[in-house]
Amino acid sequence: MIPTRNLGELTVGAQGLGCMGMSQAYGVRDNDDESIATIHRALDLGVTLLDTSDVYGPETNERLVGRAIAGRRDEVVLATKFGIVWGEGGSMGARGDADYVAASCDRSLERLGVDHIDLYYQHRVDPDVPVEETWGALSELVTAGKVRYLGISEASAETIRRAHAVHPVTALQSEWSLWTREIEAEIVPTCRELNIGIVPFSPLGRGFLTGAITSTAELPADDMRRGLPRFDGDNFDKNLAIVAALRALAAEKGITAGQLALAWVHSRGDDVVPIPGTKRRTYLEENAAAAQIVLSEDDLARIDAAAPASAFAGARYPERLARAVNR
């Protein structure tokens, strides 16, 4: 069993499970039975935080997670999200008006087949609605017993403070890994000042940091990574050279490159609970083992020398997605 950590007042397994890839983004949805078995194995290992969203699929991922946790609800810290809406050309938008918040929660509860959500995130910040309105509506959901704790995703330090002033923010979910470290300067210190836990998504760099991806040609035709700058052309080759150095360091320790990258995220603090995603039990067990790995100061120094934050090439997202980040 993996150890536990606290996100504010919420106790969870030290590593969660991102469920998005079971339904979208990384190739076809090919085996719901294996995805459900992966969720069950996660719970057996003490991976209690399951992460989904109304937009994954869309909607199908919540239904899948709901099927998987039926009969095991009391073992789960269930997290889902609202707020992303898609515009023309695949641009990412957001909604945060009070009526939408309330309706989104009710729809998620129905799809998940539960009477409450443990951790409900604002998935992206609506630039046209004051965050105070959104969080006022979220606070009402807590009062009504539909939601236990509230979180926010990809928000700026200022927005986090404004939301927290309306109702306590339990967790921030943002991308954080060896190759995505923008939140370290201002956002992480803000969270720690306010006792807000941090839930890094894509802690394996969307699989790149495992070293398993050696060519974009290996990726399915509908895989979202084909459209990300870091997976494109020269950027891909430059980043692959850095991962080769990480693989060598991992081999010295008798672990995989993915486990090294995950252990690095775990080392960022006891308030950090990464949610690597997978739809296979084999990868789940490999990832969960990383929660037990302790990196020495020498290990951390060598990792930082091999993969400094500035070394990776390419932006996180194309512009159509980037504009919704860290609002």
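Look above for the structure.
Residues numbered from 1 in each chain as written. Predicted model: local features only at pLDDT ≥ 70, side-chain atom pairs only at ≥ 80, totals over all residues. Heavy atoms only, no water.

Peer 1: Would you take a moment to explain the overall build of the protein chain for this structure?
Peer 2: Broken down by element type, the protein chain carries 11 helices and 11 strands. Along the first, second and third principal axes, the C-alpha atoms of the protein chain reach 55 × 40 × 40 Å. Scored against the burial criterion, the 327 residues of the protein chain give a buried share of 58%. Contacts in the protein chain between residues far apart in sequence, at least 24 positions, make up 75% of those at least 6 positions apart. Total accessible area computed for the protein chain in this model is approximately 12900 Å², and 48% of it derives from carbon and sulfur atoms. Here the protein chain carries 34 positive and 47 negative side-chain charges, and the mean point of each set is 3 Å from the other. (Helix = DSSP H or I, 4+ residues; strand = E, 2+ residues; numbered from the N terminus. Buried < 20%, exposed > 50% of the residue type's maximum accessible area, 1.4 Å probe, protein only. Contact = heavy atoms within 4.5 Å. Areas by Shrake-Rupley, 256 points an atom, 1.4 Å probe, with all protein chains shown as cover. Lys, Arg positive; Asp, Glu negative; His and termini not counted. Charge placed at Lys NZ, Arg CZ, Asp CG, Glu CD.)

Peer 1: In this structure, what is going on with unusual backbone geometry? I would like to understand it.
Peer 2: With an omega of -5°, the peptide bond between Gly57 and Pro58 qualifies as cis. One can find Pro58 in the loop between strand S4 (49–51) and helix H2 (60–69). Phi at Arg206 is positive, roughly 55°, even though this residue is not glycine. When you line up the elements, Arg206 lands in the loop between strand S11 (197–201) and helix H7 (233–253). A positive phi angle, near 55°, is found at Asn326, a position not held by glycine. Classification of Asn326 by relative accessible area gives partly exposed; the value is 27%.

Peer 1: Which parts of the structure should I look at to understand the packing of aromatic side chains?
Peer 2: Note on aromatic pairs: each is described by the distance of the centres and the angle between the planes. Scanning the entire structure with this criterion turns up 7 aromatic pairs. Consider the rings of Phe208 and Phe236, whose centres lie 5.2 Å apart with planes at 85°: the pair is edge-to-face. With a gap of 28 residues between them, Phe208 in the loop between S11 and H7 and Phe236 in helix H7 connect regions that are remote in the sequence. Both residues of the pair, Phe208 and Phe236, count as buried. Arranged with centres 6.5 Å apart and planes meeting at 50°, the rings of Phe231 and Phe236 form a pair that is tilted. Members of the aromatic cluster, joined through ring pairs, are Trp179, Phe208, Phe231, Phe236 and Phe312. One Lys or Arg, Arg230, reaches over the ring of Trp179 and ends 4.9 Å from the middle of that ring. (Phe/Tyr/Trp six-rings, centres within 6.5 Å; stacked < 30°, edge-to-face > 60°. Lys NZ or Arg CZ within 6 Å of the ring centre and 35° of its normal.)

Peer 1: What is the right way to look at the sheet that holds strand S9 (residues 147–153) in this model?
Peer 2: Ordered in space as S3-S4-S5-S8-S9-S10-S11, the 7 strands form an open sheet in which the pairing is parallel. What marks the edges here is a single partner per strand, and that holds for strand S3 (17–18) and S11. With 2 bridges joining them, S3 and S4 adopt parallel strand pairing. Residue pairing in the sheet places Leu17 in a bridge with Leu50 of S4. Sitting on the sheet, helix H4 (residues 131–143) is in contact with strand S5 (77–82), strand S8 (117–122) and S9, with an inclination near 155° to S9. (Pairing = 2+ DSSP bridges. Axes fitted to C-alpha atoms, helices over the stretch in contact; angles between N-to-C directions.)

Peer 1: Is there a simple way to explain the packing of helix H1 (residues 32–44) against H2 in this structure?
Peer 2: Each pair of packed helices gets described by two things: the angle between the helix axes and the distance between those axes. Where H1 meets H2, the axes come as close as 9 Å, and the angle between the chain directions of the two elements is 55°. Taken together, the axis directions place H1 and H2 in an arrangement best described as oblique. Considering the relative orientation of H1 and H2, their crossing is right-handed. Each of Asp32, Ser35, Ile36, Ile39 and His40 in H1 lies in contact with H2, whose residues at this interface are Leu64, Val65, Arg67, Ala68 and Ile69. (Parallel < 35°, antiparallel > 145°, perpendicular 65-115°, else oblique. Left-handed = near helix turned anticlockwise from the far one by under 90°.)

Peer 1: Explanation requested: the pattern of salt bridges in the structure shown.
Peer 2: Two side chains that carry opposite charge are able to pair once their charged atoms sit near each other. Tallied over the full model, the rule gives 23 salt bridges. One salt bridge in this structure joins Asp271 and Arg192, with 2.8 Å as the shortest N-O distance. Of this pair, Asp271 sits in the loop between helix H8 (257–266) and helix H9 (281–289) while Arg192 sits in helix H6 (residues 187–193); the two residues are 79 residues apart in sequence, bridging distant segments of the chain. What you see here is one network of salt bridges that share partners, running through Glu59, Glu62, Arg63 and Arg111. (Salt bridge = Lys/Arg side-chain N within 4 Å of Asp/Glu carboxyl O.)

Peer 1: I keep staring at the nonpolar core and nothing clicks. Help me out?
Peer 2: Within soluble globular proteins, side chains that are nonpolar tend to cluster in buried spots. Leu17, Ile39, Leu49, Tyr120, Ile152 and Ile160 are the most contacted members of the largest nonpolar core, which totals 105 residues. Not counting chain neighbours up to four residues away, the residues in contact with Leu17 comprise Met22, Thr38, Ile39, Ala42, Val47, Leu49, Leu50, Asp51, Ile275, Pro276, Thr278 and Leu284. (Core = buried A, V, L, I, M, F, W, Y, C linked by side-chain atoms within 4.5 Å.)

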